[in-house]
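Descriptive analysis of the structure
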Amino acid sequence: MIKKRYILRSILIAVGLIAVIAGVFVCEQYYRWHICNFRAKDGEEHSYNVYAGASIDSVLQLLREDYEISSETDLKLHMRFLILNHPEEGHYRFPALIGDRELIERLKYGYQTPVRITWNHFIRTREDLAGKVTTHLLMDSVTLLNHLEDETFLAPYGLNKETSRCLFIPNTYEVYWNITPEQLFNRMQREYNHFWNEERRAKADSIGLTPIEIAIVASIVEGESHNKLEMPLIASLYLNRVHRGMLLQACPTIKYAVGDFKLRRILYSHLAVESPYNTYKYPGLPPGPIRCPAPETIDMVLNAPKTDYLFMCASPELNNTHIFSSSYGGHAAAARQYRHTMDTIQW
């Protein structure tokens, strides 16, 4: 009887030990599988760009530089279980602690982390836009520039190479790192249509201009001044000129035509430049915007006050304000004062 009890106790102890060992193993596997097998050395998240054709070994080598791997054996076991043969192309940002399952599944199925692309209203040319938009993308700037200038590609969007920048309303957007040009344009079209809602389109229609034409006016307004108190008046002035069929005579379009955006003074030689953007020679709006206007500037044009202003001249006080006139006589007097001030400055 004593012997049987001893044997039974031994069996129970052995079973208990096996259960404990199995429990520890299961808990350890669960922890490394679901919670953490990778621990960032600096306690921060890390991002990686995985290119097409990259091997899993090359990706793991990058990870080893930033992460401590608790168990390489378990990692290899888990990769075999989930059949990870090669990683999908993409941009991935991993947290400071990550388990094998999440990391492996994200690499296997291409569950990327979006990147942010940002540009502002200081972007003037297609080249500038292409360079800025692709800063954090796999796509290179030349590829995007070619699409911005491809008339056949742009036609379904109702654009041409001169107006293609209108689709890219300044803001911050989240996209995938390996987005294609076609996907990018489709995304920008959705954003464009979201911005140009029924209310804004109705306002543009009441002014007698298309959204593209409103954007062109807004780009000229921004070229004239950054003084937000004056910008609605400047918008009103140019709308008055457009509706009267007058020459816009907008100095910012001359800078764009010449290609020198740092010009401090427009000379008669500049006014003679042959360009459709020379609004001193050709009436109406130029064929495209001279920069990517900010959404708030577009709204300033849409909500411009009703005035009879047709002329404006920089203030002779050089304080980033203008003198507005409804007659050429008033404008000429203001212009004489301004030229006198400029002539006395030592450049």
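Structure first, text after, so check above.
For every chain, the first residue of the written sequence is number 1, and numbering continues from 1 onward in sequence order. With pLDDT at 70 or above as the cut-off, local features in this predicted model cover only qualifying residues; side-chain atom pairs require 80 or more to be listed or tallied, and sums for whole chains, interfaces and linings still use all residues. With hydrogens and water excluded, all non-hydrogen atoms of the structure serve as input to the side-chain values.

Let us look at the sheet that holds strand S5 (residues 97-98). Note on pairing: two strands pair once DSSP finds at least 2 bridges between them. Comment: elements are numbered from the N terminus, with helices defined as DSSP H or I runs of at least four residues and strands as E runs of at least two. The three strands lie next to each other as S3-S1-S5, forming an open sheet whose pairing is antiparallel. The open sheet has two free edges, formed respectively by strand S3 (67-69) and S5, since each of these has just one partner strand. By the bridge criterion, three bridges tie strand S1 (residues 38-40) to S3 in an arrangement that is antiparallel. Among the inter-strand pairings, Phe38 is bridged to a residue of S3, identified as Ile69. Packing of helix H2 (residues 56-66) onto the sheet brings it into contact with S1 and S3, and relative to S3 it is tilted by some 110°. Two residues qualify as a contact provided that any one of their heavy atoms is within 4.5 Å of a heavy atom in the partner residue. Lines fitted to C-alpha atoms define the axes, with helix axes restricted to the stretch in contact, and inter-axis angles between N-to-C directions lie between 0 and 180 degrees.

Structurally, Arg124 can be placed in the loop between strand S6 (115-119) and helix H5 (126-133). Residues Arg124 and His46 lie 78 residues apart in sequence; the distance between their C-alpha atoms is 34 Å. Not counting residues up to four positions away in its chain, the partners in contact with Arg124 are Arg165, Tyr256, Phe261, Ile290 and Arg291.

It is at 8 Å that the axes of helix H10 (residues 211-224) and helix H12 (residues 251-258) come closest, and there the two elements cross at 95°. Judged by the inter-axis angle, H10 sits roughly perpendicular to H12. Counted together, Ile220, Gly223 and Glu224 of H10 and Cys251, Pro252 and Thr253 of H12 form the full contact between these two elements. Amino acids outside the nonpolar list (Ala, Val, Leu, Ile, Met, Phe, Trp, Tyr, Cys, Pro) and the charged list (Asp, Glu, Lys, Arg) are all regarded as polar, and Gly is one of them. Along the lines of polarity and charge, the residues of the contact of H10 with H12 split into three nonpolar, two polar and one charged. Each angle receives one of four descriptions, namely roughly parallel if under 35 degrees, roughly antiparallel if over 145, roughly perpendicular if within 65 to 115, and oblique otherwise.

Its 15 residues place the ends of helix H8 (residues 181-195) 21 Å apart at the C-alpha level, agreeing with the 21 Å of an ideal helix rising 1.5 Å per residue. Among the residues of H8, those classed as buried are Pro181, Leu184, Phe185, Arg187, Met188, Tyr192 and Phe195. End-on view of H8: buried residues confined to an arc of 160°, all on one side of the axis. For H8, exposure combined with an orientation more than 90 degrees from the buried face picks out Arg190 and His194. In this scheme, a helix's expected span is set at 1.5 Å multiplied by one less than its residue total. Exposed residues in this analysis have more than 50% of their type's maximum accessible area, buried residues have under 20%, and partly exposed residues fall in between, with area computed by a 1.4 Å probe over protein chains only. Comment: arc refers to directions from the helix axis out to C-beta atoms.

So, about the layout of surface pockets. Within this model, the largest pocket holds a volume of roughly 1,600 Å³. Lining residues are those with an atom within 4 Å of a point, where the points come from a 1 Å grid over the protein atoms alone and group into cavities, where a 1.4 Å probe fits but cannot get out, or pockets, open sets with protein on both sides within 12 Å along at least five of seven lines. For the largest pocket, the lining is made up of 47 residues, of which Glu224, Cys251, Ile266, Ala314 and Tyr338 are closest to its centre. Where the lining of the largest pocket is concerned, the elements lending two or more residues are H10, helix H11 (231-244), H12, helix H13 (268-271), strand S8 (311-314) and helix H15 (328-343). The element best represented in the lining of the largest pocket is H15, accounting for seven residues. A per-class count over the lining of the largest pocket returns 27 nonpolar, ten polar and ten charged. Grid points are joined across faces, edges and corners, and a volume is the space filled by probe spheres set on the points.

In this section: the packing of aromatic side chains. Any two rings among Phe, Tyr and Trp, with Trp reduced to its six-membered ring, count as a pair given centres within 6.5 Å; such a pair is stacked if its planes are under 30 degrees apart, edge-to-face if over 60, and tilted if neither. Scanning the model with the defined rule gives 18 aromatic pairs in all. Seen from their ring centres, Phe153 and Tyr157 are 5.6 Å apart, and the 50° between their planes marks the pair as tilted. For the pair Tyr157 and Phe185, a centre-to-centre distance of 5.6 Å together with 45° between the ring planes defines the contact as tilted. Separated by 28 residues along the polypeptide, Tyr157 in the loop between helix H7 (151-154) and strand S7 (171-175) and Phe185 in helix H8 bring together distant segments of the chain. Look at Tyr157 and you get buried, because its relative accessible area is 16%. Given the relative accessible area of 0%, Phe185 is considered buried.

Keep in mind these numbers describe shape, not what the thing actually does.
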